[in-house]
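Observations on the model geometry
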Amino acid sequence: MAGKPPTGDPVQDAPEVTAPQHAAAGLPAIAHTLRVATDQMGLRRTALTLLKVNQKDGFDCPGCAWPEPDKRHAAEFCENGAKAVAEEATLRRVAPAFFAAHPVAELATRSGYWLGQQGRLTHPMYLAEGATHYEPVTWERAFDIIAEELAPLDSPDEAVFYTSGRTSNEAAFLYQLFAREYGTNNLPDCSNMCHESSGSALSETIGIGKGSVLLDDLHRADLIIVAGQNPGTNHPRMLSALETAKRGGTKIITVNPLPEAGLERFNNPQNARGLAGRGTPLTDLFLQIRLGGDQALFRMLGKLLLDTEGALDTAFIEEHTHGFQEYADAARTTDWEETLAATGLRREEIERALRMILASRRTIVCWAMGLTQHKHAVNTIKEVVNLLLLRGDIGRPGAGVCPVRGHSNVQGDRTMGIFERPAPAFLDALEKEFGFAPPRHHGLDVVRAIRALRDGDAKVFFAMGGNFVAATPDTDVTEAAIRRARLTVHVSTKLNRSHVITGARALILPTLGRTERDRQAGGEQFVTVEDSMGMVHASRGRLAPASEHLLSEPAIVCRLARRVLGPASSTPWEEFEKDYATIRDRIARVIPGFEDFNTRVARPGGFTLPHAPRDARRFPTATGKANFSATPVEHPHLPEGRLLLQTLRSHDQYNTTIYGLDDRYRGIKNGRRVVLLHPDDARAHGLADGAYADLVSEWTDGTERRAPGFRVVHYPTARGCAAAYYPETNVLVPLDHTADTSNTPASKSVVIRLEPAAAAAGTEGS
Ligand SMILES: Nc1nc2c(c(=O)[nH]1)N[C@H]1C(S)=C(S)[C@@H](COP(=O)(O)OP(=O)(O)OC[C@H]3O[C@@H](n4cnc5c(=O)[nH]c(N)nc54)[C@H](O)[C@@H]3O)O[C@H]1N2
Ligand SMILES: Nc1nc2c(c(=O)[nH]1)N[C@H]1C(S)=C(S)[C@@H](COP(=O)(O)OP(=O)(O)OC[C@H]3O[C@@H](n4cnc5c(=O)[nH]c(N)nc54)[C@H](O)[C@@H]3O)O[C@H]1N2
Ligand SMILES: [Mo]
């Protein structure tokens, strides 16, 4: 069966709905994993590949950024990691004959699911200006085309170099080096849409934009608060860590508008208890919060701590923090009525959370997109930090901040300099090492890059991975912006929508995935990645490449740089391509924490990057201390008759990559155009379960955006809060609706109204 893509498209989106589940993983997860994997890879390849995931001599799972435990199981992966691997190691191929058979205009009518299911890209492909079809092109000619379009630009800032978070450290370092030698800091990345709010808040408050805990800290915590995160689907291996913690006596508070099955109970497929027994209950207290109510919740908890005799770590506050008085003054004015309105919680629930915090000597807060994708996301995360600072819960074992990253190397890409606002010290180090003057003015982030393309201020768009047009907000605006470009280029493993919504000319550059052997002139290479907790380790693919025409990401950057920069560049691009160890030697000299990189990464398991607050309670902020924040408390305000929509992931997708049409834990089968509504909200709109509705977002500028034909599902979500999948709903999120400071699209906070629809309108996914 392996190797056969589905026929028939548009995908029949006909949701069937059953009751949501109350536990994650267990045998059904294993059965599902094997079915998906053998379907894409066949039996032998499945066994060979899955046993190498996250092993010390294997490759880093291309799924999420959750770290590997030191003692590994023979099968150190999860259902969704296996799907990510199968998606990449599939035996299906998209060869030139496919492009000859399908005009681009036709491919643009296909669903994202269908495009992705066609298989791995095998040849560099070129869409000439005015052409209807992509045609094969040589690598040499492809680099010439890019050089041709870059040459006439008025300024290097008319080019944009996007990165998605799968790119290795080596490729990322070279890519930013190339962009800056070329002359621009236009290096937007998926992080701009993801944990940028965490980075902004943490840099200001603790002096480093990364989490302060290691895996072992989770095991040692007395209390873990999981806010705005669905690990059962998006970080399944985190459930093993929570299970270990639980078995050692840790308590867990979950803060979420949705009761997510993975946080209720975990049936660990790696032990008998999980397979045959009833598994481990995880959440002790579930706070079913309203969308965007988290800042109000954390502020009230802070006030209650201030009001409780002996609750504060006064020694820590005095020695290590700044701004306590101002924060305390602001917090003391917090009132119950507003808190209860913002959170939708009952007073007893918040008081119970307070007692659990008081009983805990070591508290960790974990979070993901439920906190980062709101207008007041940065202030919400600062509020989380306030709470931890009050108790001295940063920089000691078992306590700290834990933003759980998305893409497997998104954190590493940032460390390597993929950032539109690089620190001067980083640019100084680049200048010293490579002998050129990098641009000092800031570049464009994702939202600003779209505006620049829309307004004709950017003309060349280059993407190192990802699926820009599907991942970004305001789909119609973004697609029109991309179509104005002179040239769009995508370095990709799989076909996606960004290949078929193009500039005047377009290139697809096929590349190796994580699972594949990377052989260069200097022998077989490995790459390195950094996980969500700052651990750096090697990743080695073992499979034969999907096609002999693929180049690795580092090789693509090196050849592009040689072609575009020419002899003016004194950077040894040729040497870098031959032997990645030479790239790591340069990283070691430019980026703090990577001293002796090649030696240390050769050790099994790699090494941990330094983190001043975690390691030494040193806070490299402007004040030299950890900063309390006394920002005003915000929460979304809903006009009468409207709902707040969050756009989130199903269990069968990896961002814009759709693996299938089921969302098993939420009881949804065979369809993605669903909107989850509280039964009372649905009834207030006259919508029975099974009815169809259009989602309409309305904005202050008077414009409306519509996503038609969603099946209404009565669901136990918080009142006033709706949920539907991304990317189908990105069309509803205006480009300018972003978080303050971080400029992250506020995709978890879209005001909508519902209009009854006759039936399923479109069947098309996105
Ligand atoms: N299998 C799989 N794994 C993935 C991904 C994937 O798509 N598929 N994506 C990867 C990436 S890039 C990322 S960033 C992560 C994403 O990981 P998550 O952040 O877990 O992903 P989302 O599906 O966006 O889920 C957001 C969660 O926050 C809750 N939430 C929404 N709004 C609020 C709020 O206002 N307050 C609170 N307290 N909770 C809220 C939602 O109900 C949901 O449970 O996962 C990574 N891992
Ligand atoms: N409405 C809404 N929008 C969102 C979000 C949301 O929650 N709601 N989440 C946001 C978040 S958190 C993120 S991170 C972004 C994700 O945005 P992106 O990172 O741009 O999107 P992905 O879907 O992860 O990219 C998938 C594509 O990457 C390519 N790819 C896969 N592996 C590799 C590889 O190894 N190398 C290369 N070169 N290419 C590869 C494949 O061609 C695949 O089609 O979306 C954001 N958009
Ligand atoms: Mo993400």
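Given the structure is predicted, the values throughout are model-derived calculations rather than measurements.

**Re the domain arrangement of the protein chain**
Once the domains are mapped, the protein chain shows domain 1 (16-88), domain 2 (93-191 + 409-609), domain 3 (196-404) and domain 4 (643-756). In this assembly, 20 residues from domain 1 lie in contact with 16 residues from domain 4. Buried area between domain 1 and domain 4, summed over both chains or domains, comes out near 1500 Å², and the portion from carbon and sulfur atoms is 48%. The tally of links from domain 1 across to domain 4 stands at two salt bridges. Measuring nitrogen to oxygen at the nearest pair gives 2.9 Å for the salt bridge that ties Glu-79 to Arg-664. Scanning the region where domain 1 abuts domain 4 turns up nine residue pairs in polar contact (both at pLDDT 80 or more). Of all elements in the fold, only strand S1 (16-17), strand S2 (24-25), helix H1 (27-41) and helix H3 (79-89) reach the threshold of two or more residues within the side of domain 1 that touches domain 4. Partitioned by chemical class, the residues of the side of domain 1 that touches domain 4 number 11 nonpolar, five polar and four charged.

**Thoughts on the packing of helix H2 (residues 43-50) against H3**
Taken N-terminus to C-terminus, the directions of H2 and H3 make an angle of 125°; their axes are 11 Å apart at the nearest point. Considering their axes alone, H2 and H3 lie oblique with respect to each other. Once H2 is placed against H3, the crossing between them reads as right-handed. From H2, Arg-45, Thr-49 and Leu-50 reach across to H3, where they touch Ala-82, Val-85 and Ala-89. Of the residues assigned to the contact of H2 with H3, the class counts are four nonpolar, one polar and one charged.

**With respect to the site of ligand 1**
Not every one of the 31 residues close to ligand 1 is listed here, only the nearest: Asn-256, Glu-260, Asp-294, Gln-653 and Asn-655. In this structure, Asp-294 approaches ligand 1 through a side-chain N or O atom, which is 2.7 Å from a nitrogen atom. Here Met-369 contributes a backbone N or O atom positioned 2.8 Å from an oxygen atom of ligand 1. Of all the secondary-structure elements, those providing two or more residues to the shell around ligand 1 are helix H11 (231-234), helix H20 (369-372), strand S25 (643-648) and strand S26 (653-654). Split by residue class, the shell around ligand 1 holds 11 nonpolar, 16 polar and four charged. Lining the shell around ligand 1 are residues from two domains, each supplying at least three of them: domain 3 (196-404) and domain 4 (643-756).

What counts as what
- Note on numbering: residues in each chain are counted from 1, in written sequence order.
- Chain A is the first chain written and ligand 1 is the first ligand written, with later ones labelled in order.
- Thresholds applied to this predicted model are a pLDDT of at least 70 for local features of residues and 80 or more for the giving and counting of side-chain atom pairs; totals over whole chains, interfaces and linings are not thresholded and use all residues.
- Excluding hydrogens and water, the side-chain values take into account all heavy atoms of the structure.
- An automatic or database domain assignment provides the domain bounds reported here.
- In this analysis, two residues are considered to be in contact whenever any of their non-hydrogen atoms come within 4.5 Å of each other.
- Throughout, the accessible surface (probe 1.4 Å) given up by two parts as they are put together, summed over both, is called the buried area.
- In the sections that follow, a salt bridge refers to a side-chain nitrogen of Lys or Arg positioned within 4 Å of a carboxyl oxygen of Asp or Glu.
- For the purposes of these results, a polar contact is taken to be a pair of N or O atoms within 3.5 Å, where, inside protein, one atom must be able to donate a hydrogen and its partner to accept one; residues adjacent in sequence count only when each atom of the pair is a side-chain atom.
- Strands here are runs of E lasting at least two residues and helices are runs of H or I lasting at least four, both read from the DSSP assignment and numbered beginning at the N terminus.
- Polarity classes work like this: nonpolar for Ala, Val, Leu, Ile, Met, Phe, Trp, Tyr, Cys and Pro, charged for Asp, Glu, Lys and Arg, and polar for all others, with Gly in that last group.
- Axis definition: a line fitted to C-alpha atoms, limited for helices to the stretch in contact. Angles are taken between N-to-C directions and run from 0 to 180 degrees.
- If an angle is under 35 degrees, it is roughly parallel; if it is over 145, roughly antiparallel; if it lies from 65 to 115, roughly perpendicular; otherwise it is oblique.
- Crossings are sorted by hand: turned counterclockwise from the far helix by less than a right angle, the near helix makes the crossing left-handed, and turned clockwise it makes it right-handed.
- One heavy atom within 4 Å of a molecule or strand is enough for the residue carrying it to be called near that molecule or strand.

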